[in-house]
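# Descriptive structure summary
Single-letter residue listing:
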Amino acid sequence: MVQTEGGGLLMEFGSNPWRKLVAFIQGEFKRCIVLVGGQSDGFFALNYHQQLVDELSNKGWTIVQALFTGWYAGYGSATLENDNEDMDLLLEKLLEKGMEEIVLFGHHTGAQDILFYMQNGQYVSKVSHVIFEGGLRNPAKMSEDEASYQKLARERALDMISEGRGSQRMPADMHPVPISANRFVALGGKHGVEDIFNPDQSEEEMAEFIGHLRVPVLIIFCTEADYRVKHSEKMAVLDKIQVCIDADVTTRWLWGGCDEHLNFLSGFEDETVAQISRFLQDEENKRCEREEESRREAEAESKRGRSVVYQNRHLKRSTSTSSISSIGSNR
C-alpha cells in the first residue's frame, strides 16, 4: 500500500457523462508532472510516489495522476488512440485551470502513450519535457519457455487478425487479462506498434517511434535479470537514441532496478527520484541561462541602436554647423 501525505484534489475531466474520468492532483503550483502508468497500473502505481511528491513539491511542481480508459485491466481492450483522447481531455482541463507548464512522465508501457501523444495530441505545444522510466525491452533475452509461449500466443493472435477478428479477445489461457488480438500483437514482439527501446531495432525502426520528439527528454533505463543486456547493446541503444531525437536527451541507467513482469521499481527509489529532480533542475537552469543570454543580447542591441541614433544626431549637427560656416564665409 502506498502511503500519501498532505491530501490532494480529485478532479473529474471529460465530456462523456457515461464514462467518468478522474485525476488526482497533489499541489497548487502552475507547473505539473503528469504520471502515465504502464499496463495494469492505476493510482499510486509507483512505489516511490510519495518520495517524488515530497521532492518535487519543494521545487514548485504539482503531481497529477489520472485514470484513463486503458488503466488497470482496461489495457487489454483499449488502444493508444483511446489513451490519446483521454490525455487530450486531461490536458485541456489542466490548461483551463491555469496550468502553465506540463511535463509528461511515462512509467513502462506509459512511455508508449506519451510517444503516441507527442505525435498525435492536440496540446503537444504545451508539453515542455518528457520523462521515460522502465526496462530496456529485448524479447530476444526471454527464457526458452517464455519465448515459446509468446511465439504460440502471437501466432494465434495473428491468425485471429487475418480472419478479421482482431478486436476479439484472445483465449483466456493465453493472457492473464482479457486482451484483444490487436492489442496483444501491438504489445508483444519486435515490430509491434508499441515496440520501443529494443536493442535489435535499426536506427530507422527506432526513429519511427521516437524521431518526432522535439522537447528535452530524460530516459531512465532499469534492467532486470531476465532481460539483462550487454554493455555494447546499451551503448548501441544510446547511439541510436541520440541520432533519432532532435532534442537534448539525458539517459540514466539503474542496473537491476526494475521488474519487467511486475512493473515496479525495487531498491532504486531514491536514485530515481534524485535523477528526475536533477533533470528538471538542470533544465530550469538552462532556461534561466537562455533567458539571461536573450536579455543581454536585447540590451546590447538596444545600446547599439542608441549609439547609432547618437552618431546620426552628431553627424547631423556637424553637417548643420559646417553649412552655416560656409554661408558666413561666402558673405
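Structure: see above.
Residues numbered from 1 in each chain as written. Predicted model: local features only at pLDDT ≥ 70, side-chain atom pairs only at ≥ 80, totals over all residues. Heavy atoms only, no water.

Bringing the overall build of the protein chain into the picture now. Helix and strand counts for the protein chain come out as eight helices and ten strands. Counting the 331 residues in the protein chain, one finds 46% classified as buried. Excluding contacts between residues fewer than 6 apart, the proportion of contacts in the protein chain whose partners are at least 24 apart in sequence is 72%. If you sum the accessible surface of the protein chain, you get close to 17500 Å²; carbon and sulfur atoms cover 49% of it. (Helix = DSSP H or I, 4+ residues; strand = E, 2+ residues; numbered from the N terminus. Buried < 20%, exposed > 50% of the residue type's maximum accessible area, 1.4 Å probe, protein only. Contact = heavy atoms within 4.5 Å. Areas by Shrake-Rupley, 256 points an atom, 1.4 Å probe, with all protein chains shown as cover.)

What follows covers the pattern of salt bridges. Here the idea is simple: oppositely charged side chains can pair when their charged atoms come close. For the structure shown, the criterion picks out ten salt bridges. With a closest N to O distance of 3.1 Å, glutamate 292 and arginine 296 form a salt bridge. Placement of both glutamate 292 and arginine 296 in helix H8 (residues 269-330) is noted, with a separation of four residues, approximately one turn of the helix. Assessed through its relative accessible area of 28%, glutamate 292 is described here as partly exposed. Classification of arginine 296 as exposed rests on a relative accessible area of 54%. Through salt bridges with shared partners, a single network forms among Arg31, Glu101, Glu284 and Arg287. (Salt bridge = Lys/Arg side-chain N within 4 Å of Asp/Glu carboxyl O.)

Residues Val34, Leu90, Leu94, Leu104 and Val130 are the most contacted members of the largest nonpolar core, which totals 41 residues. Take this core: its biggest share by element is five residues, from helix H3 (residues 110-120). Once you skip the residues sitting within four places of it in the chain, valine 34 turns out to touch Val64, Met87, Leu90, Leu91, Leu94, Ile102, Val103, Leu104 and Phe105. One finds Leu56, Phe105, Ile131 and Leu254 within the second-largest nonpolar core, a separate group that totals 19 residues. (Core = buried A, V, L, I, M, F, W, Y, C linked by side-chain atoms within 4.5 Å.)

Attention shifts here to helix H2 (residues 80-96). Across its 17 residues, H2 extends 24 Å between first and last C-alpha, which sits within 8% of the 24 Å expected from 1.5 Å per residue. The complete set of buried residues in H2 reads Leu80, Asp83, Asn84, Asp86, Met87, Asp88, Leu90, Leu91 and Leu94. Downstream of H2 by one or two residues, glycine 98 has phi in the positive range, about 95 degrees. (Expected span 1.5 Å × (residues − 1).)

Turning our attention to the environment of glutamate 233. By the element assignment, glutamate 233 lies in helix H7 (residues 231-244). For glutamate 233, a relative accessible area of 17% gives the class buried. Separated by 33 residues in sequence, glutamate 233 and aspartate 200 place their C-alpha atoms 8.6 Å apart.

Within the secondary structure layout, glutamine 150 lies in helix H4 (residues 144-162). Along the chain, glutamine 150 and histidine 175 lie 25 residues apart, while their C-alpha atoms are 9.9 Å from each other.

A few words now on the packing of H2 against H3. One can describe the packing of H2 onto H3 by two numbers: an axis separation of 9 Å at closest approach and a directional angle of 70 degrees. One way to sum up the angle between H2 and H3 is to call them roughly perpendicular. Contacts between H2 and H3 involve Leu80, Glu81, Asp83, Asn84, Met87, Asp88 and Leu91 from the former and Gln112, Asp113, Phe116, Tyr117 and Asn120 from the latter. Each residue belonging to the contact of H2 with H3 can be placed in one class, and the counts come to five nonpolar, three polar and four charged. (Axes fitted to C-alpha atoms, helices over the stretch in contact; angles between N-to-C directions. Parallel < 35°, antiparallel > 145°, perpendicular 65-115°, else oblique. Nonpolar A, V, L, I, M, F, W, Y, C, P; charged D, E, K, R; others polar.)

Our focus in this paragraph is the side chain of glutamine 65. Summarising the element assignment, glutamine 65 is placed in strand E4 (residues 62-66). What makes glutamine 65 buried here is its relative accessible area of 4%. Separated by 3.4 Å, the side chains of glutamine 65 and histidine 49 make a polar contact. (Polar contact = N/O pair within 3.5 Å; in protein donor to acceptor, adjacent residues only side chain to side chain.)

A few words now on the pairing of strand E3 (residues 31-36). The element E3 is largely enclosed, with a buried count of six among its six residues. Burial of E3 is two-sided: the residues Arg31, Ile33 and Leu35 facing one way and the residues Cys32, Val34 and Val36 facing the other way are all buried. Relative to strand E5 (residues 101-107), E3 is paired through six bridges, and the arrangement is parallel. The partner of valine 34 across the bridge, within E5, is leucine 104. Where E3 and E4 come together, four bridges link them in parallel fashion. Among the inter-strand pairings, valine 34 is bridged to a residue of E4, identified as valine 64. (Pairing = 2+ DSSP bridges.)

A regular strand places its side chains on the two faces of the sheet in alternate fashion. Within E4, five of the five residues are buried, leaving the element largely enclosed by the surrounding structure. On E4, burial covers both faces: Thr62, Val64 and Ala66 on one face and Ile63 and Gln65 on the other are all buried. Here strand E2 (residues 21-26) pairs with E4 via four bridges, running antiparallel. Its bridge partner being in E4, isoleucine 25 is matched across the sheet by valine 64.

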